[in-house]
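Secondary and tertiary structure notes
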Amino acid sequence: MVKADFYRENGIYCGFIISGHAGGKFGQDIVCAGVSSAVMLVINTVTDFFNSGAVVRIEENKAGLKLTSPQSDDNARAMIFSLENHLRLLSEEYGGIRISVKDI
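What you see is a predicted model; the values in this text were computed from it and never measured. (Residues numbered from 1 in each chain as written. Predicted model: local features only at pLDDT ≥ 70, side-chain atom pairs only at ≥ 80, totals over all residues. Heavy atoms only, no water.)

1. Here we look at the overall build of the protein
- Tallying secondary structure elements over the protein gives 2 helices and 5 strands in all.
- Expressed along its principal axes, the backbone C-alpha trace of the protein runs to roughly 40 × 25 × 20 Å.
- Counting across all 104 residues of the protein, residues that qualify as buried make up 38%.
- When contacts within the protein are restricted to residue pairs at least 6 apart in sequence, those whose partners lie at least 24 apart make up 54%.
- Distance from the positive charge centre (10 side chains) to the negative charge centre (12 side chains) of the protein: 6 Å. (Helix = DSSP H or I, 4+ residues; strand = E, 2+ residues; numbered from the N terminus. Buried < 20%, exposed > 50% of the residue type's maximum accessible area, 1.4 Å probe, protein only. Contact = heavy atoms within 4.5 Å. Lys, Arg positive; Asp, Glu negative; His and termini not counted. Charge placed at Lys NZ, Arg CZ, Asp CG, Glu CD.)

2. Some words on the pattern of salt bridges
- This model, assessed by the stated rule, comprises 7 salt bridges.
- Across the pair Lys102 and Asp5 runs a salt bridge whose closest N-O atoms are separated by 3.9 Å. In this pair, Lys102 sits in strand S5 (residues 97-103) while Asp5 sits in strand S1 (residues 2-9), placing the two residues 97 residues apart along the sequence.
- Owing to a relative accessible area of 5%, Asp5 belongs among the buried residues under this scheme.
- Across the pair Lys66 and Glu9 runs a salt bridge, and its minimum N-O distance is 3.3 Å. Within this pair, whereas Lys66 is found in strand S4 (residues 62-67), its partner Glu9 is found in strand S1, the two being separated by 57 residues in sequence.
- Using a relative accessible area of 37% as the deciding quantity, one classes Lys66 as partly exposed.
- Shared partners join several salt bridges into a network, and the residues in it are Lys3, Asp5 and Lys102. (Salt bridge = Lys/Arg side-chain N within 4 Å of Asp/Glu carboxyl O.)

3. Here's the deal with the packing of helix H1 (residues 30-49) against helix H2 (residues 74-94)
- The contact between H1 and H2 brings their axes to 10 Å, and the two run at 175°. Between H1 and H2, the crossing angle belongs to the class labelled roughly antiparallel. Contacts between H1 and H2 involve Ile30, Val31, Gly34, Val35, Ala38, Val39, Val42, Thr45 and Val46 from the former and Ala76, Met79, Leu83, His86, Leu87, Leu90 and Tyr94 from the latter.
- Partitioned by chemical class, the residues of the contact of H1 with H2 number 13 nonpolar, 3 polar and no charged. (Axes fitted to C-alpha atoms, helices over the stretch in contact; angles between N-to-C directions. Parallel < 35°, antiparallel > 145°, perpendicular 65-115°, else oblique. Nonpolar A, V, L, I, M, F, W, Y, C, P; charged D, E, K, R; others polar.)

4. Some remarks on the environment of Phe49
- Relative to the helices and strands, Phe49 is located in helix H1.
- Residues Phe49 and Ala76 lie 27 residues apart in sequence; the distance between their C-alpha atoms is 10.0 Å.

5. Structural notes on the sheet that holds strand S3 (residues 54-59)
- Overall, mixed pairing links the 5 strands, which are arranged S3-S4-S2-S1-S5 in an open sheet. The open sheet is flanked by S3 and S5, the only strands paired with a single partner. Strand-to-strand, the axes of this sheet are offset by a mean angle of 10°, without reference to chain direction.
- Two elements, strand S2 (residues 12-20) and S4, share 5 bridges in a ladder whose sense is antiparallel. (Pairing = 2+ DSSP bridges.)

What follows is the structure, given as structure tokens:
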């Protein structure tokens, strides 16, 4: 099961941690491939294209991003929200993803 935890501060999206594996054969699972690709697209867009301040952590079967100034970064917040929506659509279609939104 892929676990996708999204975080909000005062109702504003500020980060996420995605972990786990959806199951199936390693390297051939469409859910994991879709999640991994979407997560890396968001991380790279936020940090490299938008040049947003963020702390990024990549480990085996785990990736996370936390914005350093979420109140001033509309584009980065929109990317995090879009990732949540994308993962919800993947989950509805294929299953294997548990999504939560936590206020911190």
